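# Analysis of the macromolecular model
These are the residues of each chain, in order.
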Amino acid sequence: MKSNELIHEFEKIYGYSNVNIRVFFSPGRVNLIGEHTDYNGGYVFPCALDFGTQLVIRKNNLNVFRFATTNFEDKGEIVVSSRLTKHGNHWYNYPLAVIDQFNKKGHIFEGMDFLFSGEIPNGAGLSSSASVETVTAYALNEMYAMNYDRWDLVKLSQKAENEFVGVNCGIMDQFAVMMGKENHALFLNCATLDYDTVPLKMDGHKLIISNTNKKRGLADSKYNERRSECETAVDMLSVKKPIENLSVLNYAEYMDMKELISDQLVFRRAKHVITENNRVLEAIVALKNNELGRFGDLMNQSHDSLKNDYEVTGKELDVLVEEARKLDGVLGSRMTGAGFGGCTVSLVREDVVDEFKIIVGKAYFDRTGLIPEFYVAAVGEGTREV
Ligand code: GLA
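All of these numbers come straight from a predicted model, not from anything done at the bench. (Residues numbered from 1 in each chain as written. Predicted model: local features only at pLDDT ≥ 70, side-chain atom pairs only at ≥ 80, totals over all residues. Heavy atoms only, no water.)

Here the focus is the side chain of Gln158. Within the secondary structure layout, Gln158 lies in helix H4 (residues 150-165). Look past the residues within four positions of Gln158 in its chain and what remains in contact with it is Cys169, Gly170, Ile171 and Gln174. (Helix = DSSP H or I, 4+ residues; strand = E, 2+ residues; numbered from the N terminus. Contact = heavy atoms within 4.5 Å.)

Next comes the structure, spelled out in structure tokens:
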């Protein structure tokens, strides 16, 4: 929805007043490679999309936060307090979580009206939650001139999700949507938080995001489970000499220590993380050298590792990837995000994009009974005021 239409919608819901209305935007993201590495101190390589979440916001002179969205009927009215609590499974837990983090830093707000409008499909692994969190954090920081920088807001938004929503996510999503740069991917070292922007020179190719339209079900609990399996691996590997996280090891070092891991499942989880870090480094070299074929191979290897060693794919993602890879002109295809449903990302020669949608779409439907959706990704800028 255009921002003037949204402002109109806002006034229909909350009424007209002469208090200043402001509009902010935060994108979604797609991760190109480097999956389930962020909370292991590893490397990620995401980029921001050109669609995301808009937020229209105004102070209301009432002692309540009022929440509405153009996406669901569900509305919330929460009395302003420095002790906010989670409200069931309502969507407005995400902005509340951010307000709660600011409260914990000693900021108390006045009542405000919020209208969100999201273009990111929920549960598709394109960071709709990080988009809502960061747009809220950015807007409040501007409205109350709190002078936090982008990194502060990234960390605050991640903490909001960890502590209030209860998903133990890493930092990639909040980082990618806040720092996004048009036509660039972002290479982040999650241990040091150093990052670099890398031009996405696609040389006649497009990134196609394919949504399995499989709802993610138990994704959050499985996500937390993977995280704790990695912590178990760190504990086992630390018996002789403590290591801070899995990403301090390269594959050869890990192989030398493998007898320390007594559990095969834990062994495979850590193997994924360690090999995935290396794939990110290689993928960036490939991209810089215009070796897109190599980049695609690494995407394929990433998916296979997430499927066999990390076990976060599932039938729908695997079928979509398999069918995509059958098509001539597809250089690589992998799941993106947390997994267990959600989306894949494929690197596809421009002239087969239309064919991709038809052929892969049909084959996927025939095998799963689900109708997928396709978006040709345009890589956009990070969080901002509109
Ligand atoms: C989710 C999390 C991220 C990251 C990915 C997997 O998107 O929010 O922090 O762990 O899964 O790479």
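Past the structure itself, the notes keep going.
Moving on to helix H5 (residues 172-179). Among the 8 residues that make up H5, 8 are buried, leaving the element largely enclosed by the rest of the structure. All of the buried residues along H5 are Met172, Asp173, Gln174, Phe175, Ala176, Val177, Met178 and Met179. (Buried < 20%, exposed > 50% of the residue type's maximum accessible area, 1.4 Å probe, protein only.)

Our next topic: a negative patch on the surface. A surface patch of like charges, here negative, comprises Asp50, Glu119, Glu182 and Glu381. For Glu182, a relative accessible area of 45% puts it in the partly exposed group. (Patch = residues over 30% accessible without salt bridge, like charges linked within 9 Å, V, L, I, M, F, W, Y side chains within 5 Å. Areas by Shrake-Rupley, 256 points an atom, 1.4 Å probe, with all protein chains shown as cover. Salt bridge = Lys/Arg side-chain N within 4 Å of Asp/Glu carboxyl O. Lys, Arg positive; Asp, Glu negative; His and termini not counted. Charge placed at Lys NZ, Arg CZ, Asp CG, Glu CD.)

Another aspect to go through is the domain arrangement of the chain. Here the chain is described as being made up of domain 1 (3-199) and domain 2 (205-377). Between the C-alpha centres of domain 1 and domain 2 there is a distance of 26 Å. Tallying the contact residues gives 32 residues for domain 1 and 42 residues for domain 2. Across the interface of domain 1 and domain 2, roughly 3,000 Å² is buried in total on both sides, 65% from carbon and sulfur atoms. At the junction of domain 1 and domain 2, the tally comes to 1 salt bridge. Inspection of the domain 1/domain 2 interface yields 18 residue pairs in polar contact (both at pLDDT 80 or more). Of all elements in the fold, only strand S1 (22-31), strand S2 (43-44) and strand S8 (195-199) reach the threshold of two or more residues within the side of domain 1 that touches domain 2. With 3 residues, S1 is the largest single contributor of residues to the side of domain 1 that touches domain 2. Considered class by class, the residues forming the side of domain 1 that touches domain 2 number 16 nonpolar, 13 polar and 3 charged. (Domains from an automatic or database assignment. Buried area = accessible area lost by both parts, 1.4 Å probe. Polar contact = N/O pair within 3.5 Å; in protein donor to acceptor, adjacent residues only side chain to side chain. Nonpolar A, V, L, I, M, F, W, Y, C, P; charged D, E, K, R; others polar.)

The interhelical angle for the contact between helix H9 (residues 292-308) and helix H10 (residues 315-326), taken along N-to-C directions, is 155°, at an axis separation of 11 Å. What the angle tells us is that H9 and H10 run roughly antiparallel. The handedness of the crossing between H9 and H10 is left-handed. Mapping the contact onto sequence places Asn300, His303, Asp304 and Lys307 in H9 and Leu317, Asp318, Val321 and Arg325 in H10. (Axes fitted to C-alpha atoms, helices over the stretch in contact; angles between N-to-C directions. Parallel < 35°, antiparallel > 145°, perpendicular 65-115°, else oblique. Left-handed = near helix turned anticlockwise from the far one by under 90°.)

Tallying each qualifying case throughout the model produces 21 aromatic pairs. Consider the rings of Trp151 and Tyr195, whose centres lie 6.2 Å apart with planes at 70°: the pair is edge-to-face. Here Trp151 is found in helix H4, whereas its partner Tyr195 is found in strand S8, with 44 residues between them in sequence. On the accessibility criterion, Trp151 (17% relative accessible area) is buried. Overall, the relative accessible area of 35% leaves Tyr195 in the partly exposed class. (Phe/Tyr/Trp six-rings, centres within 6.5 Å; stacked < 30°, edge-to-face > 60°.)

Here the focus is the pairing of strand S11 (residues 343-349). Counting buried residues along S11, 6 of its 7 residues qualify, which places the element largely inside the surrounding structure. Here strand S10 (residues 330-336) pairs with S11 via 6 bridges, running antiparallel. Bridge pairing links Met335 to Thr344 in S11. Linking S10 to S11, which pair antiparallel, is a turn of 6 residues; within it Gly337 sits at a positive phi near 90°. (Pairing = 2+ DSSP bridges.)

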